[in-house]
Amino acid sequence: MTSADRSHQDEAQGRDEAQARDEARDEVRGPDGAGRPDGREAGAGSAAAGGRGGPPRGPVDSSRVPRYAGPATFARLPRIDEVGGTADVAVVGVPFDSGVSYRPGARFGGNAVREASRLLRPYNPAQDASPFALAQVADAGDIAANPFNINEAVETIEAAADGILSTGARMMTLGGDHTIALPLLRAAARRHGPVALLHFDAHLDTWDTYFGAEYTHGTPFRRAVEEGILDTSALSHVGIRGPLYGRKDLDEDEKMGFGIVTSADVMRRGVDEIAQQLRERIGDRPLYISIDIDVLDPAHAPGTGTPEAGGLTSRELLEILRGLAGCHLVSADLVEVAPAYDHAEITSVAASHTAYELTTIMARQIAAARG
C-alpha cells in the first residue's frame, strides 16, 4: 500500500468514527434534538421542565450514560440552574471544617458523598417511592465559607440557607463539620419557628466551648438551645456512646431537654421500637434531622474525624430513618465525612444512602401535600 493509499484510508476511517460519534450523540439527544448530550431527561420534551414549572427533571439515565461519566452531582441529578433556579429539595454542600477538634478533612466530605451517590438509582424500594419523580430535587452546589474565620463562616452559611429556604425549598445539606448545623437550624427556625431535632451522633455536641471558642463542631446544639431555635419538648440524640469528660456532660444535656438513645439501646431494643419512640417524641412538629456519620461504627464509617467504637450499623441507621417517614421533615444535614480516612468509599457510600433516604422522605411529603 502506498503512502497516498494509507492517507486516503485514514481519512475514510476518521470520517466513519466522526459519523459514529454524531449518531451516538443524536441517539442520546433524541430525534428532535431536545434531549441533552449527558442523557438527562428534560421532562415533557421541554428544556424548561423541572423546578416548579413542569414535571420533575430526574437524574442522568445510567442505561445511556455510564455512571462513572459526567459531573458528580448528587445522584446525578440536574444542577439547580438547569431547573430554573429553584427546587423542592436542594442538595447543598458546605465544604467547611475549621470547627473540628481532632482529625480534619470533612471539607472534602460533600464531594465524596456526591461521587459515591453515582450508584444511587431513581426508585427506592424500601420506601416504595421514586423520589426524583415525586418532587424536583436538584444539586445546588456549595456554600463557600471563610475557612479562617468561624464566626464569619457561620454568618455566611446562615445567609445562604435563608436564601434557599425562602424559595420554599427544603435543604439536604452535605458537610462539612458539625459546626454548620447551627446556622442551618437558625435558618430553619426563621421559616418554621422552633424546630424539633433528632441528632444522630456518637457525641452529644452540647458542650459549652473549646479553647474559649463558642462555635465548634462540639457546641452547635447548646448554642441552638440558648438561642431558642429548638423546640425543647422534642429533642433527642441517637447513637450516643463512648467516654465523656464527666457526669456533668449528661446532666447539662438533660437540662437542655434532650433525650438520649444510646447505640446499646438500638442494639438491645431494635430499630422498630426506637423509631416508634422517636415518632412519639416528635409528633407532628416541624422536624430537623442532623446526622454525624460517626453515629456509625468505624467498621461502617472509618472516614470521619472523631470515631468511636460500638456504633450503629449502616442497616440500623437506614431502618430508623425509614421509620420516621411519617414525621414532618423540613430539612436535614449529613456531616463529618472525611474521605482521607476512608477505605473503598465505605463511609461515603453509607452517607450517600443516608442522604437518599432523607431526600426520599422529603420528596414523598412534598408530593402528598400537593395531592
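Let us look at the structure shown here. (Residues numbered from 1 in each chain as written. Predicted model: local features only at pLDDT ≥ 70, side-chain atom pairs only at ≥ 80, totals over all residues. Heavy atoms only, no water.)

**Looking at the overall build of the protein**
For step 1, the next point in the chain: The number of helices and strands found in the protein is eleven helices and eight strands.
For step 2, the next point in the chain: Taken over 371 residues, the protein has a buried fraction of 52%.
For step 3, the next point in the chain: Here the contacts in the protein between residues at least 6 apart in sequence split such that 75% fall between residues at least 24 apart.
For step 4, the next point in the chain: Split by element, the accessible area of the protein, about 15900 Å² in all, is 51% carbon and sulfur. (Helix = DSSP H or I, 4+ residues; strand = E, 2+ residues; numbered from the N terminus. Buried < 20%, exposed > 50% of the residue type's maximum accessible area, 1.4 Å probe, protein only. Contact = heavy atoms within 4.5 Å. Areas by Shrake-Rupley, 256 points an atom, 1.4 Å probe, with all protein chains shown as cover.)

**Some remarks on the pattern of salt bridges**
For step 1, the next point in the chain: Under the counting rule described, the total for this entry stands at 20 salt bridges.
For step 2, the next point in the chain: In this structure, Glu158 engages Arg190 in a salt bridge whose closest nitrogen and oxygen atoms are separated by 2.7 Å. Placement of Glu158 in helix α4 (residues 150-165) and of Arg190 in helix α5 (residues 181-192) is noted, with a sequence separation of 32 residues between them.
For step 3, the next point in the chain: With relative accessibility at 51%, the residue Arg190 sits in the exposed group.
For step 4, the next point in the chain: Of the charged contacts in the structure, one is a salt bridge between Asp162 and Arg190, with a shortest N-O distance of 2.7 Å. Here the residue Asp162 occupies a position in helix α4, and Arg190 occupies one in helix α5, the gap between them amounting to 28 residues. (Salt bridge = Lys/Arg side-chain N within 4 Å of Asp/Glu carboxyl O.)

**A closer look at the sheet that holds strand β6 (residues 258-262)**
For step 1, the next point in the chain: Spatially, the eight strands line up as an open sheet ordered β2-β1-β3-β8-β7-β4-β5-β6, and their pairing is parallel. Single-partner strands in this sheet number two, and they are β2 (137-142) and β6. Here the average twist between neighbouring strands, direction ignored, is 15°.
For step 2, the next point in the chain: Here strand β4 (residues 195-200) pairs with strand β7 (residues 286-292) via five bridges, running parallel. Looking across to β7, one finds that Phe200 is bridged to Ile291.
For step 3, the next point in the chain: The strands touched by helix α11 (residues 346-370) within the sheet are β1 (89-94), β2, β3 (170-175), β7 and β8 (328-335), with β8 carrying the most contacts at an inclination of about 165°. (Pairing = 2+ DSSP bridges. Axes fitted to C-alpha atoms, helices over the stretch in contact; angles between N-to-C directions.)

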